[in-house]
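What follows is the residue order along each chain.
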Amino acid sequence: MSENIENPLVQLIGVWKGEMGVDIAPKPEEDENNPYYEVLTIEPIELEVENAEEQELDAVRYHQVVREKANDKVSHSETGYWLWDKNEHTIMNSFSIPRGVNILAGGEVTFINNELKLEVAVAENDTKWGIVQSPFMLKKAKTLSFKRSFTLKNNTLSYTQEMMLDIYGKTFAHTDVNTLTKE
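Structure report, in brief.

Thresholds applied
- Throughout this document, residue positions are counted from 1 along each chain, in the order its sequence is written.
- With the structure being a predicted model, the display of local features is reserved for residues of pLDDT at least 70 and the display and counting of side-chain atom pairs for 80 or more, all residues being used for whole-chain, interface and lining totals.
- To get the side-chain values, take all heavy atoms of the structure and skip hydrogens and water.
- Each helix corresponds to a stretch of at least 4 residues labelled H or I by DSSP, and each strand to a stretch of at least 2 residues labelled E; elements are numbered beginning at the N terminus.
- Three exposure classes are used, based on accessible area relative to the maximum for each residue type with a 1.4 Å probe and protein chains only: buried under 20%, partly exposed in between, and exposed over 50%.
- Exposure was quantified through the Shrake-Rupley algorithm and a 1.4 Å probe, taking into account, for residues, occlusion by the shown protein chains and nothing else.
- In this tally Asp and Glu are treated as negative and Lys and Arg as positive; neither His nor the chain ends contributes.
- Taken as the charge centre is NZ of Lys, CZ of Arg, CG of Asp or CD of Glu, depending on the residue.
- Any Phe, Tyr or Trp ring, taking Trp's six-membered ring, that has another such ring centre within 6.5 Å forms a pair; planes under 30 degrees apart are called stacked, those over 60 apart edge-to-face, and the others tilted.
- For a ring to carry a charge above it, either NZ of a lysine or CZ of an arginine must fall within 6 Å of the ring centroid while also lying within 35 degrees of the normal to the ring plane.
- Salt bridges are identified by distance alone: a Lys or Arg side-chain nitrogen within 4 Å of an Asp or Glu carboxyl oxygen.

**With respect to the overall build of the chain**
Inference 1: Counting its secondary structure elements, the chain contains one helix and 12 strands.
Inference 2: Listing every helix and strand of the chain by position from the N terminus yields β-β-β-β-β-β-β-β-β-α-β-β-β.
Inference 3: Here the C-alpha coordinates of the chain stretch approximately 50 × 35 × 35 Å along the principal axes.
Inference 4: In the chain, buried positions account for 42% of the 183 residues.
Inference 5: By element, 49% of the accessible surface of the chain is carried by carbon and sulfur atoms, the whole surface being about 10,400 Å².
Inference 6: One way to put it: in the chain the 18 positive side-chain charges average out to a point 7 Å from where the 31 negative ones average out.

This is how it looks when you write it as structure tokens:
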């Protein structure tokens, strides 16, 4: 059973670095395999988030930058928020990728044996959460679904995320897995 959860986002605040990721990038002929490193900066926001005088949210802002080890080229930049709805005990992750993709995914938080786990998901035509994409992305690399799981234990943040894409005429599961440590 999950222990009582007050504000799970406080534990995420800080600068996290990871060196062990491998990006499998879809290509028309043969997928690319790119080892990467990343920096994930998570910081508190300076305002109380209320909505319609009913909803109370805790929030942190983040920026993730992923660089290919081979050439130091930025292959992914993501800016977003983690939001904790205190009353509904719901976790939300909203973010933008500067390719014309925006995600709002929701889910649950568990805290068992000093391990904090945040899990969110969204799928095409979801009635609660959403995926918004530019016309170009809808045509060339449409996001069909997204899942992300963060696990925090002993100053180590591990994550798994999967984005299902319709790209190059096929369905492609773009999966990232990495472990980061707090700087």
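**Considerations on the packing of aromatic side chains**
Inference 1: Counted according to the given criterion, the structure contains three aromatic pairs.
Inference 2: Measuring from centroid to centroid gives 6.0 Å for Phe150 and Tyr159, while their planes differ by 40°, and the two rings are tilted.
Inference 3: Using a relative accessible area of 5% as the deciding quantity, one classes Phe150 as buried.
Inference 4: Here Tyr159 falls in the buried class, since its relative accessible area comes to 4%.
Inference 5: Taking NZ or CZ as reference, Arg148 lies 4.8 Å from the ring centre of Phe95, over its face.

**Quick notes on the pattern of salt bridges**
Inference 1: Per the counting criterion, the structure on display carries six salt bridges.
Inference 2: One salt bridge in this structure joins Glu183 and Lys17, with 2.5 Å as the shortest N-O distance. With Glu183 in the segment after strand S12 (170–182) and Lys17 in strand S1 (residues 14–25), the pair connects residues that are 166 residues apart, well separated along the chain.
Inference 3: Residue classification places Glu183 among the exposed residues on the basis of a relative accessible area of 64%.
Inference 4: Note on Lys17: relative accessible area 35%, which makes it partly exposed.
Inference 5: One salt bridge in this structure joins Arg61 and Glu43, with 3.0 Å as the shortest N-O distance. With Arg61 in strand S4 (residues 55–68) and Glu43 in strand S2 (residues 32–44), this pair connects stretches of sequence that are 18 residues apart.
Inference 6: In this structure Glu43 comes out as partly exposed when scored by relative accessible area, which is 34%.
Inference 7: Sharing partners across several salt bridges, the network here consists of Glu56, Asp58 and Lys86.

**Quick look at unusual backbone geometry**
Inference 1: The backbone of Asp72 sits at a positive phi, close to 65°, despite the residue not being glycine.
Inference 2: Tracing the chain through its elements places Asp72 in the loop between S4 and strand S5 (74–85).
Inference 3: Although it is not a glycine, Asn114 sits at a positive phi angle of roughly 65°.
Inference 4: As for its position among the elements, Asn114 is in the loop between strand S7 (101–112) and strand S8 (115–123).

**Focus on the environment of Lys27**
Inference 1: Within the element layout of this structure, Lys27 appears in the loop between S1 and S2.
Inference 2: Taking relative accessible area as the criterion, Lys27 reaches 29% and is therefore assigned partly exposed.
Inference 3: Distance from Lys27 to Tyr168, taken between C-alpha atoms, is 7.4 Å for residues 141 residues apart in sequence.

Everything listed is a geometric property; what it means functionally is a separate question.
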